[in-house]
Amino acid sequence: MFEPKIMCFLCKWCTYAGADLAGTSRMKYDTSSINLRVMCSSRIDPQHILYAFKNGADGVFIGGCHPGDCHYVEGNYKTLRRVTLFKRMMEDFGIDSRRLRLEWISAAEGKKYVDTMNEFSEQIRALGPLHLEQVTLTKEEICHE
């Protein structure tokens, strides 16, 4: 049975803390994700997302603070704009835009984190493995060099 690999970029102040709350509360959720703590969801560049897909991720999850609650004031608004635009471009790379998910999860929402990750894992499982063999992404294309 296919087990998806999901790369998660989690805001240190909110979503990462929510994931930590889920863990310390011993809540059960799908273990197909790899969590990477970032200072702010706005620090995620599209090249990070493409790099994750190119290196074996079947899905990418970005978690940040709720709008209006960003530790860096407007970081999550930048993230929303960036992800919205990037999802439009994903089809050009041969990647279904449903493989990228952005959610606002606070430090107190461990249950929401668990529910969201279980739902996203099932969605990626239903989409099947991502095969990027037909698409060649060079470092220059990813980094816009």
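Right above here is the structure, for reference.
Residues numbered from 1 in each chain as written. Predicted model: local features only at pLDDT ≥ 70, side-chain atom pairs only at ≥ 80, totals over all residues. Heavy atoms only, no water.

Draft legend 1. Representation of the sheet that holds strand E3 (residues 59-64) in the model. The sheet built from four strands is open, its strands ordered E2-E1-E3-E4 with parallel pairing. Looking at the sheet topology across the chains shown, the edges are occupied by strand E2 (33-38) and strand E4 (100-104). Going across the sheet, the axis of each strand differs from the next one's by a mean of 20 degrees, ignoring polarity. Of the pairings in the sheet, the one linking E3 to E4 comprises five bridges and is parallel in character. Along E4, the bridge assignment pairs Gly64 with Trp104. Against the sheet, helix H1 (residues 15-24) contacts strand E1 (6-11), E2, E3 and E4, and its axis sits at roughly 110 degrees relative to E1. Of the strands in this sheet, E1, E3 and E4 touch helix H2 (residues 46-54), which is tilted by about 145 degrees from E3. (Pairing = 2+ DSSP bridges. Helix = DSSP H or I, 4+ residues; strand = E, 2+ residues; numbered from the N terminus. Axes fitted to C-alpha atoms, helices over the stretch in contact; angles between N-to-C directions. Contact = heavy atoms within 4.5 Å.)

Draft legend 2. Representation of the packing of aromatic side chains within the structure. Applying the stated criterion to the full structure yields two aromatic pairs. Measuring from ring centre to ring centre gives 5.4 Å for Tyr29 and Tyr113, while their planes differ by 85 degrees; the resulting arrangement is edge-to-face. Taken as a pair, Tyr29 in the loop between H1 and E2 and Tyr113 in helix H4 (residues 110-127) lie far apart in primary sequence, 84 residues in all. Under the relative-accessibility criterion, Tyr29 is labelled partly exposed at 24%. For Tyr113, a relative accessible area of 0% puts it in the buried group. (Phe/Tyr/Trp six-rings, centres within 6.5 Å; stacked < 30°, edge-to-face > 60°. Buried < 20%, exposed > 50% of the residue type's maximum accessible area, 1.4 Å probe, protein only.)

Draft legend 3. Structural context of the environment of Ser41. Note that Ser41 resides in the loop between E2 and H2. Overall, Ser41 belongs to the buried group, its relative accessible area being 3%. Remark: the alpha-carbon pair of Ser41 and Ile62, spanning 21 residues in sequence, is separated by 6.9 Å. Here Ser41 is in contact with Cys11, Ile62, Gly63, Gly64, Gly75, Asn76, Thr79 and Trp104, once residues within four sequence places are set aside.

Draft legend 4. Fine view of a nonpolar patch on the surface. Together, Trp13, Met39 and Tyr72 make up a nonpolar patch on the protein surface, roughly 290 Å² of accessible area in all. Position of Met39 relative to the elements: it lies in the loop between E2 and H2. (Patch = residues over 30% accessible without salt bridge, like charges linked within 9 Å, V, L, I, M, F, W, Y side chains within 5 Å. Areas by Shrake-Rupley, 256 points an atom, 1.4 Å probe, with all protein chains shown as cover. Salt bridge = Lys/Arg side-chain N within 4 Å of Asp/Glu carboxyl O.)

Draft legend 5. Seen up close, the pattern of salt bridges. The final tally for this structure, using the stated rule, is seven salt bridges. As a salt-bridge pair, Asp30 and Arg125 come within 2.8 Å of each other at their nearest N and O atoms. Note that Asp30 is positioned in the loop between H1 and E2 and Arg125 in helix H4, a separation of 95 residues in sequence. Among the salt bridges present, the one from Glu119 reaches Arg101, with a minimum N-O distance of 3.2 Å. Highlighted residues: Glu119 in helix H4 and Arg101 in strand E4, separated in sequence by 18 residues.

Draft legend 6. Region of the structure containing the pairing of E3. Of all six residues that make up E3, six are buried, and the element is covered over most of its length. The pairing of E1 with E3 spans five bridges and is parallel. Across the sheet, residue Cys8 finds its bridge partner in E3, namely Phe61. Once you follow E3 into helix H3 (residues 75-90) and on to E4, the crossover reads as right-handed. (Right-handed = clockwise from strand over helix to strand, strands pointing away.)

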